[in-house]
Amino acid sequence: MNITTEQMRFWSPEVRELEPYTPGEQPKIQNLLKLNTNENPYPPSPKVVEAVQNVLANGADVLRLYPDPDASELKHAIAKQQSVPVEQVFVGNGSDEVLAHIFKAFFVQELPLLYPDITYSFYPVYSQFFGVETKVLPLNDDFEIVVDDYKQPNGGIIITNPNAPTSIALGLSAIEEVLQANPNSVVVIDEAYVDFGAESAVALVEKYDNLVVCQTMSKSRSLAGLRVGFAIAQPHLIAALEAVKNSFNSYPMDRFAIAAAVASFEDQAYFEAQNAKVIASREKLTTQLKELRFKVLPSAANFIFASFPSKDAGELASELREHGIIVRYFNKPRINQFLRITIGTDEQNQRLIDTLKNEILI
Ligand SMILES: Cc1ncc(COP(=O)(O)O)c(C=O)c1O
């Protein structure tokens with residue numbers, strides 16, 4: 001929709017300047033293979049489905065009442081699964097909301113927030129939204145973080161691990177080096193994809209009073225549709241997040257989301273089996289793409305970041321789309337010759353390979 005300058009006079013001046021995040025599209029095309037938003041190709045555990053149905057087991061009257069503003073049952077389930085005290089858990093409506101509260105709670109400082117040039121594209125959006133000063137630090141030529149760059153004055157640091165969209169994981173020793181070099185600023189590790197192969201920094205929370213680890217149930221737990229994210233940190237940091245949350249929306253977690261998330265944590269076996277399948281499919285797809293001469297970065301996530309030597313990545317994405325396959329293309333410096341491809345089931349990945357081999361790269 002085109003809004004005229006005259007219509008815009010109603011908008012707050014700040015809102016006129018916003019450059020919002022563009023989510024991956026959710027098109028309604030028949031026989032579509034959707035490999036563009038890093039959703040899990042498998043449904044959540046049957047126990048999750050049962051728990052969602054049980055919310056209404058005694059009728060819809062329960063929907064008349066607000067949910068628990070503290071989502072305490074969910075916090076306890078997360079604390080148990082992550083082996084941390086419940087006082088170290090914060091929950092939100094997807095990790096995007098948790099991240100928003102993190103930006104507001106910690107990063108509105110005089111010194112700039114540090115993050116890599118290639119990272120989750122919501123960070124610049126939140127920075128603008130909350131008026132956070134930023135300093136963007138380039139990854140090296142292999143798309144890895146240069147730890148020494150994070151040893152300069154700053155008002156906070158945020159690192160995605162494994163990184164998105166590069167899929168590359170950073171070791172815990174590097175994260176510890178960053179934490180030790182920055183005792184006076186908050187270091188946030190966004191672990192949206194950690195369950196697919198990286199080491200979690202939750203193990204460091206007890207040791208570092210400046211660490212916040214953020215995770216989501218959207219990817220490894222197949223709950224993108226319910227919006228559940230959480231952060232783990234020492235209680236003095238959780239208190240700041242609670243203060244922000246209760247100044248914005250006191251009831252971010254609805255009854256269905258709470259019930260489903262709790263049930264998901266109760267079925268660890270399903271979670272582990274499902275992740276193992278995604279990881280095995282990722283390795284198989286990587287090998288197949290390399291056989292087709294793609295360059296594929298080493299992935300610790302549920303997606304891969306790949307480029308083809310003799311075809312423009314934007315064109316490749318458009319041609320795949322014509323064949324009903326959607327992948328994510330970022331028309332941005334340094335990465336505009338790469339495609340981010342979500343790992344599907346083996347059958348879905350095979351359709352991608354067959355389409356590339358028989359229809360596009362001939
Ligand atoms: C790095 C990263 N962080 C956070 C999120 C947000 O996840 P959600 O809001 O679904 O929990 C995403 C989603 O794609 C992501 O890629």
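How each quantity is defined
- Residues numbered from 1 in each chain as written.
- Predicted model: local features only at pLDDT ≥ 70, side-chain atom pairs only at ≥ 80, totals over all residues.
- Heavy atoms only, no water.
- Patch = residues over 30% accessible without salt bridge, like charges linked within 9 Å, V, L, I, M, F, W, Y side chains within 5 Å.
- Areas by Shrake-Rupley, 256 points an atom, 1.4 Å probe, with all protein chains shown as cover.
- Salt bridge = Lys/Arg side-chain N within 4 Å of Asp/Glu carboxyl O.
- Buried < 20%, exposed > 50% of the residue type's maximum accessible area, 1.4 Å probe, protein only.
- Axes fitted to C-alpha atoms, helices over the stretch in contact; angles between N-to-C directions.
- Helix = DSSP H or I, 4+ residues; strand = E, 2+ residues; numbered from the N terminus.
- Parallel < 35°, antiparallel > 145°, perpendicular 65-115°, else oblique.
- Left-handed = near helix turned anticlockwise from the far one by under 90°.
- Contact = heavy atoms within 4.5 Å.
- Nonpolar A, V, L, I, M, F, W, Y, C, P; charged D, E, K, R; others polar.
- Pairing = 2+ DSSP bridges.
- UniProt positions renumbered as here; feature names shortened; annotations may be inferred.
- Domains from an automatic or database assignment.
- Buried area = accessible area lost by both parts, 1.4 Å probe.

## Things to note about a nonpolar patch on the surface
Here is step 1: On the surface, a nonpolar cluster with roughly 580 Å² of combined accessible area is contributed by M1, I3, F10, W11 and V15.
Here is step 2: By relative accessible area, which is 35% here, V15 ends up partly exposed.

## Some thoughts on the packing of helix 5 (residues 94-107) against helix 8 (residues 235-245)
Here is step 1: The N-to-C vectors of helix 5 and helix 8 enclose an angle of 115°; their axes lie 9 Å apart at closest approach. When the axes of helix 5 and helix 8 are compared, the pair comes out roughly perpendicular. Classified by chirality, the crossing of helix 8 by helix 5 is right-handed. Between helix 5 and helix 8, the contacting residues are H101, I102, K104, A105 and F106 on the first element and L237, A240, L241, V244 and K245 on the second.
Here is step 2: Along the lines of polarity and charge, the residues of the contact of helix 5 with helix 8 split into 7 nonpolar, 1 polar and 2 charged.

## As for the sheet that holds strand 1 (residues 33-35)
Here is step 1: Reading across the sheet, the 5 strands line up as 1-11-12-10-9 and stay open at both edges, with mixed pairing between neighbours. Among the strands making up the open sheet, the edge pair consists of strand 1 and strand 9 (295-296).
Here is step 2: Here 4 bridges tie strand 10 (residues 303-307) to strand 12 (residues 339-342), and the two strands are oriented antiparallel to one another. Counted as the bridge partner of F305 is R340 from strand 12.
Here is step 3: This element, helix 11 (residues 313-322), spans strand 11 (325-329) and strand 12 of the sheet and lies at about 155° to strand 11.

## Section: the UniProt feature "modified residue: N6-(pyridoxal phosphate)lysine" (unreviewed entry) in the protein
Here is step 1: The sites that carry the UniProt feature "modified residue: N6-(pyridoxal phosphate)lysine" (unreviewed entry) are, in the present numbering, K219.
Here is step 2: The topology assignment puts K219 in the loop between strand 7 (211-216) and strand 8 (229-233).
Here is step 3: Not counting residues up to four positions away in its chain, the partners in contact with K219 are T37, N38, N40, A192, Y193, F196 and N302.

## A look at the domain arrangement of the protein
Here is step 1: When the domains of the protein are assigned, the result is domain 1 (3-42 + 267-358) and domain 2 (46-265).
Here is step 2: Placing a centre on the C-alpha atoms of domain 1 and another on those of domain 2 gives a separation of 22 Å.
Here is step 3: Contact with domain 1, which involves 34 residues of that partner, is made by 37 residues of domain 2.
Here is step 4: For the domain 1 and domain 2 pair, buried surface summed over both sides reaches about 2800 Å², with 56% attributable to carbon and sulfur atoms.
Here is step 5: Contact with domain 2 buries area across many residues of domain 1, yet Y21, D267 and R334 alone supply 26% of it, more than any other trio.
Here is step 6: Summed over the shared surface of domain 1 and domain 2, the number is 1 salt bridge.
Here is step 7: With a shortest N-O distance of 2.6 Å, D117 and R334 are connected by a salt bridge.

## With respect to the pattern of salt bridges
Any two side chains of opposite charge can pair if their charged atoms end up close together.
Here is step 1: All told, the structure shown has 11 salt bridges when counted by the stated rule.
Here is step 2: Residue E176 is joined to K207 by a salt bridge in which the shortest nitrogen-to-oxygen separation is 2.8 Å. On the criterion of sequence distance, the pair formed by E176 in helix 7 (residues 172-181) and K207 in the loop between strand 6 (187-190) and strand 7 is long-range, its members being 31 residues apart.
Here is step 3: Overall, E176 belongs to the buried group, its relative accessible area being 18%.
Here is step 4: Exposure remark for K207: the relative accessible area of 56% places this residue in the exposed category.
Here is step 5: Three or more residues joined by partner-sharing salt bridges are found here, namely D70, K75 and E242.

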